[in-house]
Amino acid sequence: MPFLKTLKTNPPRSTLLNIKTWKSGLRHTVFSLNGDEYKGEWLNNKRHGHGTQVWKESGAIYKGEWKFGKRDGFGTYSIPTAGKAYEKQYFGYWQHGKKHGHGTFYYSNGAFYEGNWREDQRSGHGTLYRESYIYEGQWQKDKFHGHGIMLLANGNRYEGSWEEGEKNGHGKFFYADAGLVYEGYWLNGVPKCGTIVADPNYSAPSPLKFSFPEVKLADATKVLQEAKSVLMTADKQDRLNSELLNIEGAQH
């Protein structure tokens, strides 16, 4: 019986030399060909652990955790200002190089958002602080979506359901200056059917000049329910027609 010699399957010399040059562990600053620089920990030639990245073109700095070459874990992303100083734009959690988890983002117009993120988009519970209003509630894909409260600068506020960034569904709108509350059904940011009553928590500076007219309907609740049902049916049909048009357009 002939003796079969086992062939060695060692990798080529060039591959072995390349592996030896891989960066692992803590390293001093490493410069890329485009001028970017990184100082921190490595694993198998990838940024892994804690480190600081500086992008030459934008001047932005990220300081925080990395996993297999991408921002992952807690970290701070800062951008340069006109005075050559740096200001935080985002600090919080990352996953696979994107904002993911709880974090705070500062916008150039002075607004800032604090809450949950999912793949670089505001999703989950969060609060947006702007000069004209404050919104606290649920988000989905960077839009108000779910239950939320919006407090306007003039004291008015909305509490209720949101969809795709608009008031949709059941909600209450409090008119702070008039002491009134609208409660009812909203469609694409517009109140469609509901009731307006005096806010029980409102203290008028002087007695109201006019009183609310008495409702003469035999069953006001039933009328509102029927109106709401008609509006919801029409809205559902409009959405279905829009989807059908999109499908037809994609086929042509």
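The model shown is predicted, which means the values in this text are computed figures rather than measured ones.

Let us look at the pairing of strand E12 (residues 157–163). Where strand E11 (residues 143–152) meets E12, six bridges bridge the pair, whose relative direction is antiparallel. Its bridge partner lying in E12, methionine 150 is registered against tyrosine 158. Counted between consecutive antiparallel strands, the loop separating E11 from E12 contains four residues, among which glycine 155 sits at a positive phi close to 100 degrees. Pairing of E12 with strand E13 (residues 166–175), which is carried by six bridges, proceeds in the antiparallel orientation. From the neighbouring strand, tryptophan 162 faces E13, where its bridge partner is lysine 167.

Glancing now at the side chain of asparagine 156. Looking at the element boundaries, asparagine 156 is found in the loop between E11 and E12. A distance of 2.7 Å separates a polar atom in the side chain of asparagine 156 from the backbone nitrogen of alanine 176. Leaving out residues up to four positions away in the same chain, asparagine 156 has contacts with Met150, Leu151, Phe173, Phe174, Tyr175, Ala176 and Asp177.

Turning our eyes to something else, we now look at the confidence of the model for the protein chain. Within the protein chain, residue pLDDT values average 84, and 71% of them lie at 70 or more. This stretch, residues 16–21, has a pLDDT under 50; its non-local contacts, to residues over four places away or in other chains, come to two contacts.

On to the environment of threonine 81, then. Secondary-structure assignment places threonine 81 in the loop between strand E5 (70–80) and strand E6 (86–95). Assessed through its relative accessible area of 29%, threonine 81 is described here as partly exposed. Distance from threonine 81 to glycine 59, taken between C-alpha atoms, is 9.6 Å for residues 22 residues apart in sequence. Excluding residues that lie within four positions of it along the chain, threonine 81 makes contacts with Tyr86 and Glu87.

Attention now moves to the nonpolar core. Ranked by internal contacts, the top residues of the largest apolar core, which has 22 residues, are Tyr133, Tyr135, Trp139, Phe144, Met150 and Trp162. Elements with a contribution of two residues or more to this core: strand E2 (37–43), strand E4 (61–67), E6, strand E8 (112–118), strand E10 (133–140), E11, E12 and strand E14 (180–187). Top contributing element to this core by residue count: E10, with three residues. In this view, methionine 150 contacts Tyr133, Ile134, Tyr135, Phe144, Asn156, Arg157, Tyr158 and Trp162; residues no more than four positions away in its chain are not counted.

What follows covers unusual backbone geometry. Phi is positive for asparagine 45, close to 70 degrees, though the residue is something other than glycine. With respect to the helices, strands and loops of the structure, asparagine 45 is situated in the loop between E2 and strand E3 (46–54). Even without being a glycine, histidine 96 presents a positive backbone phi close to 55 degrees. Mapped onto the elements of the fold, histidine 96 is located in the loop between E6 and strand E7 (98–106). A relative accessible area of 56% places histidine 96 in the exposed class.

On to the pattern of salt bridges, then. Throughout the structure, instances matching the rule amount to four salt bridges. Ionic pairing is found between arginine 157 and glutamate 159, a salt bridge with its closest N-O pair at 2.8 Å. Here glutamate 159 falls in the partly exposed class, since its relative accessible area comes to 26%.

Cut-offs and rules
- Residues numbered from 1 in each chain as written.
- Predicted model: local features only at pLDDT ≥ 70, side-chain atom pairs only at ≥ 80, totals over all residues.
- Heavy atoms only, no water.
- Pairing = 2+ DSSP bridges.
- Helix = DSSP H or I, 4+ residues; strand = E, 2+ residues; numbered from the N terminus.
- Polar contact = N/O pair within 3.5 Å; in protein donor to acceptor, adjacent residues only side chain to side chain.
- Contact = heavy atoms within 4.5 Å.
- pLDDT = per-residue confidence, 0-100.
- Buried < 20%, exposed > 50% of the residue type's maximum accessible area, 1.4 Å probe, protein only.
- Core = buried A, V, L, I, M, F, W, Y, C linked by side-chain atoms within 4.5 Å.
- Salt bridge = Lys/Arg side-chain N within 4 Å of Asp/Glu carboxyl O.

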